[in-house]
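Given next are the chains, with one letter for each unit.
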Amino acid sequence: MKVLVVGNGAREHALGWKLAASPRVHELMSLPGNPGLAELGPVVEGISVTDVGAIAAMARVQLVDLVVVGPEVPLAAGVVDAVAALGIPTFGPSRAAARLESSKGFAKEIMARAGVATALSETFHAIDAVMEHLSTREGPYVVKADGLAAGKGVLVTDDRAEAASWASRWLPEGPIVIEEFLDGPEVSVFAVCTEAGAVPLEPARDYKRLLDGDEGPNTGGMGSYSPVDDLPAGLVEETMSTVIEPTLAAMSEAGQPFLGFLYAGLVLTGQGPKVLEFNVRLGDPETQAILPRLENDLVDVLEGKTPEWSDTASVNVVLAAEGYPEGPVKGSVIDGLAEVPGDVHVFHAGTRRDRRRILVDGGRVLSLVGVGDTMDLARDRAYAAAGMVHWPGMQYRTDVGLQS
Ligand SMILES: Nc1ncnc2c1ncn2[C@@H]1O[C@H](COP(=O)(O)OP(=O)(O)OP(=O)(O)O)[C@@H](O)[C@H]1O
Ligand SMILES: [Mg+2]
C-alpha cells in the first residue's frame, strides 16, 4: 500500500519510520514532510496542512491507500472528512470528533455526559461573567482558551488579575474555560480507537519544561521515556474503562463516533485519576519514545490489531535551537549527524536540507532516541548521540529518563 503521513514534526517522522517498516507498505509519502521523512519517500510540497481539499485531491491523484494524520491542526480543519469523502481510508478523527481537543468546553460536556472524572469547570463568553466568577473564588486559577492554541492557551496562576487579563486576551478568539485546580502528578494515556474498539498504547512520560529539574518556561516537550514504571498498578486498564470507553460511547451517542488516537492527559489526584484534557492525536515527544518499542506492524495496529511491546526501554532527548521557546535562532548548520550510531533513532523536526547540509529550521530540531535493555542503557545511548551532534546555541535537558 501507499501511505501518506500528514505533518512535519519528529512525531510524524517516527510514524513514517514505523509505517515504512511494514511489509504491507511499498511507498511512504509525507506532507509537508521534513528532511527525515524525505529519506523514507516522496515529500509533497506547496500544500498547506489546512488545505484539506487539496490534500484529498492530491491523495486521489497519487492513488494513496491510507492517510495517517499526525498533528491536531489538520484534524480540526477536517482533513479526515475531506479525504474519506473520496473513499480513501484515513486514520484520525473527523472534524466534529476532533472537537474533543479543539474545544475544551465541548470535551467537558462529553465528559459530564459520560461520567468521566475531571476538574469542575465553567465556560465563559464575556469578560464581565469572568470577572464576577473570579471575584468569588480563591486561587490557584486555571484559565484555558477553548480552542486550539498550540499548547500556549492555558494559564495556571494564584494571581486573580493575571487570570483576568489572560481571559481578556483569549476571549476575542473564543470562549474561555475556567476550572478547578487539580493537584498531583501528570500522566498521559494513549489509545488506538478503531471500529474494532479501543486498545491502549504503552504509556510514556514527557518533560514539558525547558530546563533540568523542570525549571524554565513550558515548551512543546523536551524529552520523553517509555516504559513508565512508577505508575499506580492498573492505571492504564482503569483509564480505559473509566475514561476512554465511556467517552467513546458518549461520542457515538452524540452521533460523532471517534476513530483515531485518543490521548487522555490525567492528573493522579488524592481522589483518583482525573482528566485534564483530551488530545486527538499522539503526543510529541511521547511518540518518538513509544514507537521504537512496538514490535508488531503499525498498519495492523491502526486497523485494530493488539499492539505487542518489547521489554526494552527508550529515552528520547529533544535537541532545541538557541532562544527556544520564545524566539528560536534558525539557519545554523548541524554537524555530527553522520557520526550517530545506527542503534540511535534520529527523528527530524525543525530541520531543512540545503544540498548536503542539514540546517536548523525550527524551535525543536531533532529527537535522538536511545533504546536499550535498561533505562540507563537507553539514556547512555541517547546522550552519547547528543554529544556527537552540534550547532551553535543547541540546547537540551540532561535529565531525561533519570529514574528517581
Ligand atoms: N485543572 C488543572 N489543574 C492543574 N494544572 C492544570 C489544570 N489544567 C491544566 N493544567 C496544567 O497546564 C498544562 C496544559 O494544560 P492542557 O493540557 O489542558 O492544555 P493544552 O494547551 O491543550 O496542552 P497540550 O499542548 O499538552 O495539549 C497541563 O499539562 C497542566 O500542567
Ligand atoms: Mg491539548
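What you see is a predicted model; the values in this text were computed from it and never measured.

Participant: For this particular structure, what's the right way to read unusual backbone geometry?
Facilitator: The amide bond that connects G139 to the next residue, P140, takes the cis arrangement and shows omega of -5 degrees. The topology assignment puts P140 in the loop between α8 (127–135) and β6 (141–145). Of note, the amide linkage connecting Y324 to P325 takes the cis form, showing an omega dihedral of 5 degrees. Positive phi, close to 55 degrees, is recorded for L63, a residue that is not glycine. The class of L63 is exposed, set by a relative accessible area of 65%. The residue R355 is not glycine, and still its phi comes out positive at about 50 degrees. Considering the arrangement of structural elements, one finds R355 in the loop between β19 (351–354) and β20 (357–360).

Participant: Help me understand the nonpolar core in this model?
Facilitator: For soluble globular proteins, the rule of thumb is that nonpolar side chains tend to be buried together. Counting residues in each nonpolar core, the largest one holds 77 residues, and the members touching the most others are L4, V67, L100, F278, L319, V389 and W391. Looking at this core element by element, the count peaks at 8 residues for helix α10 (residues 235–253). Non-local contacts of F278, meaning those with residues more than four positions away in its chain, are made with L100, E101, A107, M111, V243, T247, L262, Y263 and A264. Formed by 32 residues, the second largest nonpolar core is a distinct cluster that contains L15, L19, L201 and Y263.

Participant: So what exactly am I meant to see when it comes to the pattern of salt bridges here?
Facilitator: Oppositely charged side chains are able to pair whenever their charged atoms sit close together. Summed over all chains, the structure comprises 22 salt bridges. A salt bridge links R281 to E72; the nearest nitrogen and oxygen atoms lie 3.1 Å apart. Highlighted residues: R281 in the loop between β16 (272–279) and α11 (286–290) and E72 in helix α4 (residues 72–76), separated in sequence by 209 residues. For E72, a relative accessible area of 14% corresponds to the buried category.

Participant: Explain the sheet that holds strand β7 (residues 154–157) to me, please; I cannot follow it from the model alone.
Facilitator: The pairing of strands in a sheet comes from backbone hydrogen bonds and takes either a parallel or an antiparallel form. Spatial ordering of the open sheet is given by β5-β8-β6-β7, a layout of 4 strands whose pairing is antiparallel. The sheet terminates laterally at β5 (121–124) and β7, the two strands that pair on one side only. Neighbouring strand axes in the sheet, compared pairwise and without regard to direction, differ in orientation by 20 degrees on average. Strands β5, β6, β7 and β8 (176–179) of the sheet are contacted by helix α7 (residues 104–114), whose axis makes an angle of about 50 degrees with β8.

Participant: Whenever I open this one, α10 confuses me. Can you help?
Facilitator: Turn by turn, an α-helix covers 3.6 residues, leaving residues three or four places apart pointing in a common direction. In this model, α10 (19 residues) spans 26 Å end to end at C-alpha, consistent with the 27 Å of a helix rising 1.5 Å per residue. The largest bend along α10 measures about 35 degrees and falls at S241. Every buried residue of α10 is accounted for by L235, V236, T239, M240, V243, I244, P246, T247, L248, A250 and M251. Looking at the buried positions of α10, the neighbouring elements they touch are α6 (99–102), α7, β9 (186–194), β10 (197–200), β15 (260–269) and β16. G255 sits one or two residues past α10 and shows a positive phi near 80 degrees.

Participant: Which parts of the structure should I look at to understand the pairing of β7?
Facilitator: The side chains of a regular strand alternate between the sheet's two faces. Of the two faces of β7, the one lined by L155 and T157 is fully buried and the one lined by V154 and V156 carries no buried residue. Where β6 lies against β7, 4 bridges are found, and the strand directions are antiparallel. Bridge pairing in β7 links V143 to L155.

About the criteria used
- Within any chain, residue numbers begin from 1 and follow the written order of that chain's sequence.
- Chain A is the first chain written and ligand 1 is the first ligand written, with later ones labelled in order.
- Local features in this predicted model are restricted to residues whose pLDDT is 70 or higher, and side-chain atom pairs enter the listing and the counts only when it is 80 or higher, whereas totals over whole chains, interfaces and linings include all residues.
- As a convention, hydrogens and water are excluded, and side-chain values are obtained from all of the structure's heavy atoms.
- In this text, helices come from DSSP runs of H or I with a minimum length of four residues, and strands from runs of E with a minimum of two, each type numbered from the N-terminal end.
- Working definition: with a 1.4 Å probe on protein chains only, accessible area under 20% of the residue-type maximum means buried, over 50% means exposed, and in between means partly exposed.
- Take the buried Ala, Val, Leu, Ile, Met, Phe, Trp, Tyr and Cys residues and link them wherever side-chain atoms come within 4.5 Å; each set so joined is a nonpolar core.
- We call two residues in contact when some of their heavy atoms are within 4.5 Å.
- A side-chain nitrogen of Lys or Arg and a carboxyl oxygen of Asp or Glu constitute a salt bridge if their distance falls within 4 Å.
- Note on pairing: two strands pair once DSSP finds at least 2 bridges between them.
- Axis definition: a line fitted to C-alpha atoms, limited for helices to the stretch in contact. Angles are taken between N-to-C directions and run from 0 to 180 degrees.
- What a helix should span is 1.5 Å times the count of its residues minus one.
- Bend, in this description, refers to the angle at a residue between axes fitted to the seven residues ending there and the seven starting there.

Note that every value here comes from positions in space, so none of it alone points to a role or purpose.
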